[in-house]
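# Structural characterization, general
So you can see what is in the structure, the chains are spelled out below.
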Amino acid sequence: MAPGVPALLLLLLLLPPPPPGLPPRAAGCPAACRCYSTTVECGALRLRAVPPGIPPGTQTLFLQDNSIARLESGALAPLANLRHLYLPNNSLRTLEPDTFRAQSRLLELALTGNRLRGLRGGSFAGLAQLRVLYLAGNQLARLLDFTFRHLPRLQELHLQENSIELLEDEALVGLSSLALLDLRRNQLGTISREALLPLASLQVLRLTGCALGLPLSHPTAALPTENPWRCDCALHWLGTWIKEGGQRLLSSRDKKIVCAEPPRLALQSLVDVSGSSLICIPPSVHVDPLEITANLGEDLRVACQASGYPQPLVTWRKVSQPRERRPQAQAQADGGAPGLGGHGAPDTGSGMLFLTNITLAHAGKYECEASNAGGAARVPFQLLVNLSQQQRLPAPPPPPAAGPVSHEPLYEAGSMAFRALSLATQTAIAAGIALLALTALLLAAMICRRRRKRKKAAGPPGESVLFVNDYSDGPCTFAQLEELRDERGHEMFVIDRSKPLFTEGPVAEALPDRASTEGAAPGSAQGLLFPPPVAYEIHC
């Protein structure tokens with residue numbers, strides 16, 4: 001070993017360790033990113049995902065102006081020391097539950113200018129220390145109940161420049177520390193008193209006016225700068241609240257909330273409109289028919305028509321399900337399941353109930369409910385499901401047809417199509433089937449009786465007899481001649497085939513005597529007076 005090696009090892013052992021906030025050089029820095037101290041800057045690099053190799057001690061991470069469309073599960077898990085995360089102007093469309101589960105120390109989260117269309121209840125799970133949340137400039141349309149329940153220490157919530165048209169009553173539950181709420185430049189037509197009740201620490205409320213502008217190419221850039229407030233009975237509380245104590249939370253511009261509808265109140269300030277002018281019309285609802293019988297495997301579509309002012313929210317539910325104050329089953333329900341669960345987009349005015357691949361679990365009583373600020377109305381609906389052995393078993397393949405095949409439906413007494421008919425129609429079909437069966441039995445009896453008569457009327461053995469008339473259509477069999485005699489009434493004569501053909505007069509004269517002895521009808525021999533010497537074969 002070289003003499004200087006022990007001294008070098010001793011020197012390395014005496015060197016102080018690196019500061020805890022500074023990531024070791026071995027961890028490196030992601031390609032094309034800039035790393036200094038506890039900050040990593042990876043903006044405007046056309047990234048499609050969070051780059052690997054970010055030092056675990058990073059406290060501030062800049063990922064703005066990239067093309068990140070999704071935060072993969074576990075992508076941020078190694079970054080437990082993050083305090084500030086900036087992701088504005090990316091392409092995020094959704095936030096998976098538990099995306100930020102490991103960021104328990106995060107204080108500021110910026111998601112401005114993305115393409116978020118909805119937020120789930122677990123989107124912000126794990127962010128118990130978050131203070132500021134930027135969601136401006138997205139495409140949010142509805143804020144569902146308990147969306148922000150995992151943010152007990154949030155102080156600022158920026159929701160401006162979205163498309164929010166519905167803020168559910170419990171959407172802001174859990175924000176007891178919130179001091180600033182910005183709802184400018186959305187599509188809000190109304191807001192309930194219950195929605196703001198959880199905000200015990202609120203100091204600034206922004207409802208109207210222009211916020212920071214977005215580039216013209218942004219999807220929300222063309223939206224109006226004001227919320228289209230609908231001045232009806234549901235907004236009466238807001239005007240009273242502004243006049244009494246709420247004005248301390250509003251700027252001078254926010255105090256002048258301008259009505260967009262109804263037309264008679266358009267462009268008027270809410271605080272200047274009298275309470276008697278803020279009216280609502282309770283909803284009325286209509287479903288036709290009130291009962292439907294469906295077959296297994298079919299798809300069903302039922303319309304629920306509703307009217308009122310403001311336009312009612314139409315919802316469907318099964319009667320067996322408990323009614324909630326805010327039903328989660330909306331008009332366009334998921335028909336794949338027997339229940340009407342899940343968050344469906346409301347179809348206001350004309351709610352459609354969609355059920356696909358109907359099973360026995362779908363049968364039962366349903367209820368269509370229309371509600372607005374003026375009240376609620378409900379109409380029951382009954383769904384019956386047919387079940388038969390014929391539909392449970394696969395149908396046998398049809399036999400090959402030699403001629404044209406009729407496509408008329410064949411009803412069987414046990415089939416669902418037969419049971420769907422009225423009672424009078426079922427009775428008529430059953431009577432027709434019984435009449436056809438009786439007719440077939442009578443025909444069979446007549447045929448058997450005629451055959452027995454033929455056997456009894458047979459001539460003596462050794463003598464071959466035929467019936468003949470004066471027609472010459474060709475040789476006939478015994479059965480054909482008898483049929484012609486019975487049905488057409490032709491004159492028939494019995495002759496002995498052992499005799500020669502008709503040749504001379506004496507033979508012809510002997511034939512009537514023979515015919516008389518064999519039982520021919522008297523006076524019927526006139527047809528055998530053929531002029532000699534002509535001979536005839538036996539024809540009919």
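Scroll up to find the structure.
Keep in mind the model is a prediction, meaning the values are calculated, not measured.

With that out of the way, let us pick up the sheet that holds strand β5 (residues 108-110). Read across the sheet, nine strands follow the order β1-β2-β3-β4-β5-β6-β8-β10-β11 without closing on themselves; strand pairing throughout is mixed. Edge positions in the sheet fall to β1 (34-36) and β11 (204-206), since each of these pairs with one other strand and no more. In this sheet, neighbouring strand axes are inclined to one another by 5 degrees on average, regardless of whether the strands run parallel or antiparallel. Where strand β8 (residues 156-158) and strand β10 (residues 180-182) come together, three bridges link them in parallel fashion. Its bridge partner lying in β10, leucine 157 is registered against leucine 181.

Moving on to the nonpolar core. Membership of the largest hydrophobic core comes to 65 residues, with the highest contact counts inside it found for Phe148, Leu157 and Leu181. Elements represented by at least two residues in this core include exactly α2 (193-196) and α3 (236-244). Ignoring any residue separated from it by four or fewer positions in sequence, one finds leucine 157 in contact with Leu133, Leu135, Phe148, Leu172, Leu175, Leu178, Leu180, Leu181 and Asp182. If you look at the next biggest cluster of nonpolar residues, it comprises 21 residues, including Val314, Tyr366, Ala370 and Leu383.

Quick look at α3 now. Within the span of α3, buried status applies to Trp237, Leu238, Gly239 and Ile242. Where α3 is buried, its residues touch α2.

What follows concerns the state of the cysteines. Applying the stated criterion to the full structure yields five disulfides. Residue pairing for cysteine 233: its cysteine sulfur links by disulfide to cysteine 280, the two sulfurs lying 1.8 Å apart. Between cysteine 233 and cysteine 280, the disulfide has an S-S torsion of -105 degrees and is therefore left-handed. With a gap of 47 residues between them, cysteine 233 in the loop between β12 (229-230) and α3 and cysteine 280 in the loop between β13 (259-261) and β14 (281-287) connect regions that are remote in the sequence. The exposure class assigned to cysteine 233 is partly exposed, which follows from its relative accessible area of 28%. You can call cysteine 280 buried: its relative accessible area is 18%. There is a disulfide in this structure between cysteine 304 and cysteine 368, and the S-S distance comes to 1.7 Å.

Turning to its location among the elements, isoleucine 54 is positioned in the loop between β2 (39-41) and β3 (60-62). When its relative accessible area of 12% is taken as the criterion, isoleucine 54 is described as buried. Distance in space between the C-alpha atoms of isoleucine 54 and leucine 79 is 8.0 Å, their sequence separation being 25 residues.

A word on the environment of threonine 315. The topology assignment puts threonine 315 in strand β17 (residues 313-318). Of the residues examined, threonine 315 reaches a relative accessible area of 6% and is grouped as buried. On a C-alpha basis, the gap between threonine 315 and glutamate 367 in space is 8.3 Å, while along the polypeptide they are 52 residues apart.

So, on to unusual backbone geometry. Cis geometry is adopted by the peptide bond preceding proline 262, which originates at glutamate 261 and carries an omega value of 0 degrees. Position of proline 262 relative to the elements: it lies in the loop between β13 and β14. Cis geometry is adopted by the peptide bond preceding proline 310, which originates at tyrosine 309 and carries an omega value of -5 degrees. With a phi angle near 65 degrees, aspartate 98 is a residue other than glycine that sits in the positive phi range. The topology assignment puts aspartate 98 in the loop between β4 (84-86) and β5.

Here the focus is the pairing of strand β15 (residues 291-295). Only one face of β15 is covered, namely the face carrying Ile292 and Ala294; the face carrying Glu291, Thr293 and Asn295 is uncovered. Taken together, the five bridges between β15 and strand β20 (residues 375-386) define a ladder with parallel strand orientation. Note that in β20 the partner of isoleucine 292 across the bridge is leucine 383.

All right, on to the pattern of salt bridges then. This model, assessed by the stated rule, comprises eleven salt bridges. Between arginine 34 and glutamate 41 there is a salt bridge, with its nearest N and O atoms 2.3 Å apart. The exposure class of glutamate 41 is buried, given its relative accessible area of 10%. One salt bridge connects arginine 120 with glutamate 96, and the closest N-O pair in it is separated by 3.6 Å. Within this pair, whereas arginine 120 is found in the loop between β5 and β6 (132-134), its partner glutamate 96 is found in the loop between β4 and β5, the two being separated by 24 residues in sequence. For glutamate 96, a relative accessible area of 24% puts it in the partly exposed group. Look at the salt bridges and you will find they share partners, linking Arg317, Glu367, Glu369 and Arg378 into a network.

Let us now look at a positive patch on the surface. Side chains of Arg449, Arg450, Arg452 and Lys453 sit close together on the surface and give a patch of like positive charge. For arginine 450, the location among the structural elements is in helix α6 (residues 423-456). Judged by relative accessible area, which is 53%, arginine 450 ranks as exposed.

Side chains of Leu435, Leu438, Leu441 and Leu442 sit close together on the surface and give an oily, nonpolar patch of about 430 Å² of accessible area. Here leucine 442 is to be found in helix α6. For leucine 442, a relative accessible area of 52% gives the class exposed.

Rules used throughout
- Residues numbered from 1 in each chain as written.
- Predicted model: local features only at pLDDT ≥ 70, side-chain atom pairs only at ≥ 80, totals over all residues.
- Heavy atoms only, no water.
- Pairing = 2+ DSSP bridges.
- Helix = DSSP H or I, 4+ residues; strand = E, 2+ residues; numbered from the N terminus.
- Axes fitted to C-alpha atoms, helices over the stretch in contact; angles between N-to-C directions.
- Core = buried A, V, L, I, M, F, W, Y, C linked by side-chain atoms within 4.5 Å.
- Buried < 20%, exposed > 50% of the residue type's maximum accessible area, 1.4 Å probe, protein only.
- Contact = heavy atoms within 4.5 Å.
- Disulfide = S-S within 2.5 Å.
- Salt bridge = Lys/Arg side-chain N within 4 Å of Asp/Glu carboxyl O.
- Patch = residues over 30% accessible without salt bridge, like charges linked within 9 Å, V, L, I, M, F, W, Y side chains within 5 Å.
- Areas by Shrake-Rupley, 256 points an atom, 1.4 Å probe, with all protein chains shown as cover.
- Lys, Arg positive; Asp, Glu negative; His and termini not counted.
- Charge placed at Lys NZ, Arg CZ, Asp CG, Glu CD.

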